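Listed below, chain by chain, are the residues.
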Amino acid sequence: MKLPFVNFWRSLSVSRRDIIVSLGFPVVIIMLIAAAVLAFWSFKTSPPYVDPEKYPIRGIDVSAHNGMMNLDAVKDAGYEFIFIKASEGETFKDSNFRLNYEKAVAAGLKTGAYHFFRFDRDGVAQAQNFLNVVGGRRLDLGLAVDVEKFSNDTTLNHDVVKDRLVSMIEYLNLKGYRVILYSNAEGYYDIIQSVAPGECLWICSFSSIPINENWTFWQYNHHGKVPGIQGDVDLNTFFGNKKEWEEFLQQQQYSGSQSVIK
C-alpha cells in the first residue's frame, strides 16, 4: 500500500516538486496539514441528503448579507417558507428586514423573523429591540431566536447567559409570541436544553440525523443554490408532512397576527 505522501508527491508535476523542494521540508508539512484541515472541514460541513418525500416542506433563511433577492423566483422553485433576520443584540437592526418581509409576503412565502442573541447583552433589551423591528407585522412562523457560540463571548458564565435567554423568551411570550430557538447541537445541550426544553427547536446540523431530540426545523446546508438569490443561501426543512405543516401554522398564530404593517 502506498503512503499518502507518496501518492501526493507522485501526483505533482516536476516543476511543482522543484518548488516544494526549494521551500524546504517544514513548509511542505505546513501545506499538508492545511490541506488535511481543509478536507476535514469540507467533509464536516457537507450537506446531508434530505429525502424530499420524508421532508417535503422546504425553506430558506436570509439577512441583508444575501443582498437583493427575487423571492417570487424562490417561491416558484418550490420553497414554502422563509426566516428573515430582523435584529441582533440590544440595538442592531437588519437594514433589509422591511424589504425582505414585503417581498416574502408578496411572493406567498410563509414568513418568520429571527434575532441573533448576544450572550453579553440583557435579554429583555434584546427582546424589545426585536419587537421594535418586527412591529405589528404578521408572522406565520412567529419569532426565532438564534442562540449559538459562534461570534459570541464564550467566556461568560453559562448561568448568566441562560438567565438572559430566559428573560428574552419570557418577555416575548408575554407579548403573545411563541418562540422558536435556533442552535446547533452544542448550543442546544449547553444552553437551551436546561432552560427551554418545551420551545420549538430549529437545529443546524450536517448529520443525516440532526439531533436525538424533537425538532421542528432543520438547517442542513449553508451553501444552497436557489433561483432568485445570488450566491449561497441557508437551506431548511420542516419536520413533517403537509398536514403537519398546516397544523403547525395554526399553532403559531398569535393575538396580533391580523395586524399587518407594510
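Not measured: the values here are computed from a predicted model.

**Focus on the environment of Leu-156**
So, point 1. Along the chain, Leu-156 turns up in the loop between strand 5 (142-146) and helix 7 (158-174).
So, point 2. With a relative accessible area of 24%, Leu-156 lands in the partly exposed category.
So, point 3. With 36 residues separating them along the chain, Leu-156 and Asp-120 place their C-alpha atoms 7.5 Å apart.

**Quick word on the confidence of the model for the protein chain**
So, point 1. On average, the protein chain scores 87 in pLDDT, and the residues at 70 or more come to 79%.
So, point 2. Under a pLDDT of 50 for its full length, residues 255-262 has, in the predicted model, 16 contacts with residues more than four places off or in other chains.

**Some remarks on the packing of helix 6 (residues 123-134) against helix 7**
So, point 1. Between helix 6 and helix 7, whose axes approach to 7 Å, the crossing angle comes to 40°. Relative to helix 7, helix 6 is oriented oblique. In the packing of helix 6 onto helix 7, the handedness of the crossing is right-handed. Contacts between helix 6 and helix 7 involve Gly-123, Val-124, Gln-126, Ala-127, Gln-128, Phe-130 and Leu-131 from the former and Arg-164, Ser-167, Met-168, Tyr-171 and Leu-172 from the latter.
So, point 2. Residues that form the contact of helix 6 with helix 7 fall into these classes: seven nonpolar, four polar and one charged.

Cut-offs used in this document
Residues numbered from 1 in each chain as written. Predicted model: local features only at pLDDT ≥ 70, side-chain atom pairs only at ≥ 80, totals over all residues. Heavy atoms only, no water. Helix = DSSP H or I, 4+ residues; strand = E, 2+ residues; numbered from the N terminus. Buried < 20%, exposed > 50% of the residue type's maximum accessible area, 1.4 Å probe, protein only. pLDDT = per-residue confidence, 0-100. Contact = heavy atoms within 4.5 Å. Axes fitted to C-alpha atoms, helices over the stretch in contact; angles between N-to-C directions. Parallel < 35°, antiparallel > 145°, perpendicular 65-115°, else oblique. Left-handed = near helix turned anticlockwise from the far one by under 90°. Nonpolar A, V, L, I, M, F, W, Y, C, P; charged D, E, K, R; others polar.

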